[in-house]
Amino acid sequence: MGRVGAVSEHDHYFTAQPASADERRVLRVHLAGRDLEVETAGGVFSPDHVDLGTRVLLEHAAPAPAAGDLLDLGCGWGPIALTLALASPGARVWAVDVNERALDLVRRNAERVGATNLTAARPDDVPDAIRFSAIWSNPPIRVGKAALHELLLRWLPRLADGAHAQLVVGKNLGADSLQRWLAAELPVTVERTASAKGFRVLRVS
Ligand SMILES: C[S@@+](CC[C@H](N)C(=O)[O-])C[C@H]1O[C@@H](n2cnc3c(N)ncnc32)[C@H](O)[C@@H]1O
């Protein structure tokens, strides 16, 4: 991995340790019906605002279960995981990412907003036995098709019986082909439950 400048071409938000300066900033956001202050930093996805795709997911997703283990796959600084944790205080929310700066931020943000039911973890640190009552994700399309497919094949089979995953994907980032691929590759039904602002919400059952 290159570490040549403040922002190298390899300093994607999906590296374990981003090279860009870890300058923390406070962001005011509205999540789970509340006005909150959260911490973000360079080197994580969408540090200056809640990403538009993420907002589409949060506005259009069917409510999460009140209990059980819920997964935010690729949590970044945590807009989805924090929403799940605040909206379902009786559930345990797993905020999973490969980016350690993102994990530190989501941990601190959970503390800031009093979400004691959120656990931030690297993918390998989530116990294998856990089955999820819901998976919500704005998945990392930029990792490339093969890595994205591998990611989805790793986590979607861990849905509990009868549970759903809700994914938001840009129309021009391959939402429709991803929908077809998922339905062909896994024993699941994939429905498009919303289409707004250039994004699709896919519900995988
Ligand atoms: C599109 S961003 C969404 C971030 C956050 N959920 C949001 O809505 O702002 C996708 C996230 O997936 C993470 N990611 C990339 N590869 C991953 C992997 N193999 N396992 C878990 N997370 C991954 C990235 O680091 C990034 O934070």
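Since we're looking at a predicted model, the values are computed, not measured. (Residues numbered from 1 in each chain as written. Predicted model: local features only at pLDDT ≥ 70, side-chain atom pairs only at ≥ 80, totals over all residues. Heavy atoms only, no water.)

Caption draft 1: Structural detail: the site of the ligand. The ligand sits among 18 residues. The nearest are Y13, T54, G74, C75 and D97. Take G74: an N or O atom from its main chain is 2.7 Å from a nitrogen atom of the ligand. Note that an oxygen atom of the ligand is positioned 2.6 Å from one of the side-chain N or O atoms of D97. Alone, the ligand offers 590 Å² of accessible surface; in the complex the protein occludes 93% of this. Judged by the proximity of its atoms to the pocket grid, the ligand belongs to the largest pocket. (Near = heavy atom within 4 Å. Polar contact = N/O pair within 3.5 Å; in protein donor to acceptor, adjacent residues only side chain to side chain. Areas by Shrake-Rupley, 256 points an atom, 1.4 Å probe, with all protein chains shown as cover. 1 Å grid on protein atoms, 1.4 Å probe; cavity = no way out; pocket = protein on both sides within 12 Å on 5 of 7 lines; lining within 4 Å. Sits in = over half its atoms within 2 Å of the grid points.)

Caption draft 2: View of the nonpolar core. The biggest cluster of nonpolar side chains holds 40 residues, and the ones touching the most others in it are V29, W77, L118 and W136. With 28 residues, the next largest nonpolar core counts L148, L152, W155 and L156 among its residues. (Core = buried A, V, L, I, M, F, W, Y, C linked by side-chain atoms within 4.5 Å. Buried < 20%, exposed > 50% of the residue type's maximum accessible area, 1.4 Å probe, protein only.)

Caption draft 3: Geometry of helix α3 (residues 100-113). With 14 residues, α3 ought to run about 20 Å at 1.5 Å a step, and its terminal C-alpha atoms sit 20 Å apart, in line with that. Every buried residue belonging to α3 is among R101, A102, L103, L105, V106, N109, A110 and V113, and all of these are buried. Taken together, the buried residues of α3 touch β1 (24-31), β2 (34-41), α2 (79-87), β4 (91-96) and β5 (118-121). For α3, the capping residue at the N-terminal end is N99, with a side-chain oxygen 2.9 Å from the backbone nitrogen of R101. Following α3 by one or two positions, G114 adopts a phi angle in the positive range, close to 75°. (Helix = DSSP H or I, 4+ residues; strand = E, 2+ residues; numbered from the N terminus. Expected span 1.5 Å × (residues − 1). Contact = heavy atoms within 4.5 Å.)

Caption draft 4: How the structure looks around the pattern of salt bridges. Tallying each qualifying case throughout the model produces 16 salt bridges. Here E37 ties to R28 by a salt bridge, and the two come within 3.1 Å at their closest N and O atoms. Taking relative accessible area as the criterion, R28 reaches 69% and is therefore assigned exposed. K197 serves as the salt-bridge partner of E59, at 3.6 Å between the closest nitrogen and oxygen. (Salt bridge = Lys/Arg side-chain N within 4 Å of Asp/Glu carboxyl O.)

Caption draft 5: Up close: the packing of helix α4 (residues 145-155) against helix α5 (residues 175-185). One way to put it is that α4 packs onto α5 with a least axis distance of 12 Å and a crossing angle of 45°. Here α5 runs oblique to α4, going by the angle between their axes. Considering the relative orientation of α4 and α5, their crossing is right-handed. Two secondary-structure elements touch here, α4 through L148, H149, L152 and L153 and α5 through L178, W181, L182 and E185. (Axes fitted to C-alpha atoms, helices over the stretch in contact; angles between N-to-C directions. Parallel < 35°, antiparallel > 145°, perpendicular 65-115°, else oblique. Left-handed = near helix turned anticlockwise from the far one by under 90°.)

Caption draft 6: Fine view of the sheet that holds strand β7 (residues 159-170). Pairing is mixed across the open sheet formed by seven strands, whose spatial order is β5-β4-β3-β6-β7-β9-β8. The open sheet has two edge strands with one neighbour each: β5 and β8 (190-196). Neighbour to neighbour, the strand axes of the sheet diverge by 20° on average, direction disregarded. Its contacts with the sheet place α4 against β3 (68-73), β4, β6 (132-137) and β7, and it is angled at close to 180° to β3. (Pairing = 2+ DSSP bridges.)

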